[in-house]
Structures are given as structure tokens and as C-alpha cells.
Amino acid sequence: MIYLNNAATTYPKPQCVTDAYTAAFSAPPAGQFRSSGQGRGQDIFTRCRENLGRLFGIGDPERIYFTSGATDALNQLFHGLERRGKKILTTQTEHNSVLRPLYNGIAEGAEVEIVPCGRFGRVSPEEAEKRITPDTGMIVLNHCSNVTGMIQDAARFGEIAKRHGLLFLLDASQSAGCIPIDCDAWHADALVFTGHKGLFGPQGTGGYFLRKGVGLRPYRYGGTGRDSSRLTYGDEEYEYEAGTQNGHGIPALNAGVEYILERGVEQIAEEEQRLMGLLYDGLSDIRGVTVYGEKGENLGPVLSLNLAGLRPSELAYILQNGYETVARAGLHCAPLIHQAMGTEEHGTVRISISALTKEQEVEEFLGNMREIAAAAGN
């Protein structure tokens, strides 16, 4: 099997991740040590935060909170983040994990304005700045498109947000682990990540960073294993990890993060861009293929394509059942960007690689696409 659906969930995982996950089931439950601050449980949660801080450029890793993933983290943040203004600026590239909470009233009373993107997913920071009004309180930015692989200029957006006194929320779901991130330097007030993609962790892991001094009203209360005598909260020092934490998943997530730190995220990004270059070059030579991105511009490990004569769902079916190649067809939970691409009716076929994708797999996929294109009459 050739697995090219890593933007959904990375596969395979590094062996160290599998080993850590397996070992967690034969060890005492991690969560039972949280109140005492002793033992393996406390160590692994703390170590994972510290490693994530190193990877994301966060100088205060204690402000990293674990959730079940990016969707959970985004819903928590939109529900309770302090409101500096009723208008929220976000972009045409966003995932439904951003769009649906905002459009379904999770951020109560908010007005949502969409900053448009170009055909291949680039959002202009200057265009975003033009749309800032006295009512604007927050900018929400998708760091890397899960449809076209476009990486936004997060540093520039952070500068704009800081200058105008806005909150800056960066969604790093698609970039965490495969694209360098510098949260503090980019003035991000909140950063969201998921564990099961570029970080190589298991599904059901992820979280968010929240800068100290930024208010967040939690939507979940319960046991935390800390101060059990406290029943109400009158300040900003909430306990954001109420309930039983993922004591099996966090050790595996930590193993994935340590694997990335050892290899170096810059080196991972460089190798993935090399493989993506082979994909762009190879696909451009196949008659009938349309690629929604450019080699020198869309630098993330994701691209979208279509083949004349076949719907995306048909091409993905042929790849999987005729060539044992796993790709993804559809709108990829990001409907607005397809309006910019002109693919809103049927979507695209998405090809996405990981740090473990081999060049041989890329070349074999290109050979398969040549064969399919010829059979389709192109």
C-alpha cells in the first residue's frame, strides 16, 4: 500500500511511538500521579509540554493544555476567549473546525468576516489589515492549508495583530511537526495543534497554548487532581484540564515529538518539500491533470489535483482499489477555499506526504497516475 493521506492522519508512525503507546498500557495509569507531582505520570505530561514548547518556540510550556485534538481545542477557545471586539477576522482557507464553531454561535455574539485567498490559497496580510475596524478583536489564521499546502506568513499576521491590539489565534493543525513554528516571536496569543498528523501521535491527542494574561472561561469543570477543596473560581487561574486525561496517548505523542526534535523540523520540512517538488514536476507532465498549487509557492506537504474525465471520488476509488494507493477525495472539511479554486462542486483529490514517505512511493504514484490518465483518454 502507498499511503498518501497523511493530512488526515499520519501512517505509519515511527516505531518509538508504537512502543510508547504499548508500554503505557503495562505501566501504572499516568493520571493517578498528577496531584502528588511525583512518578511517571507527572513526568510524561510535563516532559511532553516541555518538548512541545521547544518545537513550537513557546517559552512558557506550562501554558500548553492537552485536549482530544484540534477540534476540541478550537471549540474551547472560541467558547471562552476574552472578547476585545465583536468582529473576528478569519480566512477563506479555514477548516470546518474553525468555521463551524464560529458560524454556529460558539463564540456568542461574534461577527465573522472572511478574508479571501488567491486561487492556490495565499491570504494577503495587507488585505487582512485593511479589514480591521474598531470592532475587530481577533484574527484566526490557518498556518498551512490542508487543501493546497499554502503556508501563510504567520509572522506578518502576528505583527499586524499586535500593532492593532488584537488577539492572534494560529491553527497549526497541518503544520505542527513538519513546518517550523515560532509562537513567541510571532506574537501568537493562542496556538492550536493536533497530535495525530505531523506530530506522529495517536488519534485523540492534541491541545492548545494560551499566553499568560489572556482570559479564557472554560466550558468544562470537574476533577483535576489539584485543589479539590475549591468549588468556584474568581480569577483567571482556571484548571483547563478537567477530567481524566489521555494517559496512554500523551506518552505516545511525546515520543512522536521527540522523534521530530531529534530529526529536526527544518530538515523534515526540507525533505518533504523535495518530495513535493517531485510530485509537482511529475504531475505537470501528465496530460489532463490539473494541480491546484505551484511548486515554488505551496510549500506544505499537501497538494490537490483533478484529472479530466474523472470525478475526484472516481479517481480516488481507482487509486485505492486498482493501485492500493490511499488518497482523499472531496472538500476536505474546508469548503470556502474550493470557491477560490473553482472546485466547490466536486472538490479535489488530495495527496499528502509525511516525514516517513519514501521517494519510491512518490515515483510509483506518478507512474500509476500516468497509467490512469492514459486509460481515461487524456
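All of these numbers come straight from a predicted model, not from anything done at the bench. Within any chain, residue numbers begin from 1 and follow the written order of that chain's sequence. The predicted nature of this model means local features are confined to residues of pLDDT at least 70 and side-chain atom pairs, given and counted, to a pLDDT of 80 or more, with totals for whole chains, interfaces and linings taken over all residues. To obtain the side-chain values, all non-hydrogen atoms of the structure were used and water was disregarded.

So, the sheet that holds strand β9 (residues 289-291)
In step 1: Strands sit in the order β9-β10-β13-β12 across an open sheet of four strands; the sheet is antiparallel. The open sheet has two free edges, formed respectively by β9 and β12 (328-330), since each of these has just one partner strand. The sheet shows a mean angle of 30 degrees between the axes of neighbouring strands, taken without regard to direction.
In step 2: Packed on one face of the sheet, helix α11 (residues 359-375) meets β9, β10 (302-307) and β13 (348-352) and runs near 20 degrees to β10. Strand pairing is assigned whenever DSSP detects at least two bridges linking the two strands. Numbering of helices and strands runs from the N terminus; a helix is a DSSP stretch of H or I covering at least four residues, while a strand is a stretch of E covering at least two. Note on geometry: axes are lines fitted to C-alpha atoms, helical ones only across the stretch in contact, with angles between N-to-C directions running from 0 to 180 degrees. Contacts: residue pairs with any heavy atoms within 4.5 Å of one another.

Things to note about the sheet that holds strand β5 (residues 136-142)
In step 1: Judged by pairing direction, the sheet is mixed, and its seven strands sit side by side in the order β2-β8-β7-β6-β5-β3-β4 without closing on themselves. Only two strands of the sheet have a single partner each, and these edge strands are β2 (64-67) and β4 (111-115). In this sheet, neighbouring strand axes are inclined to one another by 20 degrees on average, regardless of whether the strands run parallel or antiparallel.
In step 2: Looking at chain direction, strand β6 (residues 167-171) and strand β7 (residues 190-194) are connected through three bridges and run parallel. Its bridge partner being in β7, Leu170 is matched across the sheet by Leu191.
In step 3: Those strands touched by helix α3 (residues 70-80) are β2, β5, β6, β7 and β8 (206-210), and its axis lies near 155 degrees from that of β7.
In step 4: Each of β5 and β6 touches helix α6 (residues 154-163); the most contacted strand, β6, lies at about 160 degrees to it.

Regarding the packing of aromatic side chains
For any two aromatic rings, the description comes down to two numbers: the centre-to-centre distance and the angle of the planes.
In step 1: Each pair of aromatic rings taken from Phe, Tyr and Trp, with Trp reduced to its six-membered ring, is defined by centres within 6.5 Å and is described as stacked if the planes are under 30 degrees apart, edge-to-face if over 60, and tilted in the remaining cases. Under the counting rule described, the total for this entry stands at seven aromatic pairs.
In step 2: The interplanar angle of 45 degrees and the centroid separation of 5.5 Å between the aromatic rings of Tyr65 and Tyr208 together place this pair among those described as tilted. One end of the pair, Tyr65, is in strand β2; the other, Tyr208, is in strand β8, and 143 residues separate them in sequence.
In step 3: Relative accessible area decides the class of each residue, using a 1.4 Å probe on protein chains only: under 20% of the type maximum gives buried, over 50% gives exposed, and in between gives partly exposed. Under the relative-accessibility criterion, Tyr208 is labelled buried at 0%.

Comments concerning the confidence of the model for the chain
Interpretation of the predicted coordinates at a detailed level should be avoided for regions scoring low in pLDDT.
In step 1: How sure the predictor is of each residue is captured by pLDDT, a score from 0 to 100. Confidence in the prediction for the chain averages 93 pLDDT; 95% of positions are at 70 or higher.
In step 2: Predicted confidence is poor over residues 31-41, with pLDDT under 50, and the contacts of this stretch with residues over four places away or in other chains come to 22 contacts.

Thoughts on the environment of Arg211
In step 1: As for its placement among the helices and strands, Arg211 is situated in the loop between β8 and α7 (249-263).
In step 2: Note on Arg211: relative accessible area 23%, which makes it partly exposed.
In step 3: As for Arg211 and Arg131, which are separated by 80 residues in sequence, their C-alpha atoms are 25 Å apart.
In step 4: Apart from residues lying up to four places away in sequence, Arg211 is in contact with Arg63, Cys183, Asp184, His187, Ala188 and Asp189.
In step 5: What qualifies as a polar contact is a pair of N or O atoms within 3.5 Å, subject to a donor-acceptor requirement within protein and to the restriction that residues adjacent in sequence count only when both atoms come from side chains. Among the polar contacts made by the side chain of Arg211, one reaches the side chain of Asp184 at a distance of 3.3 Å.

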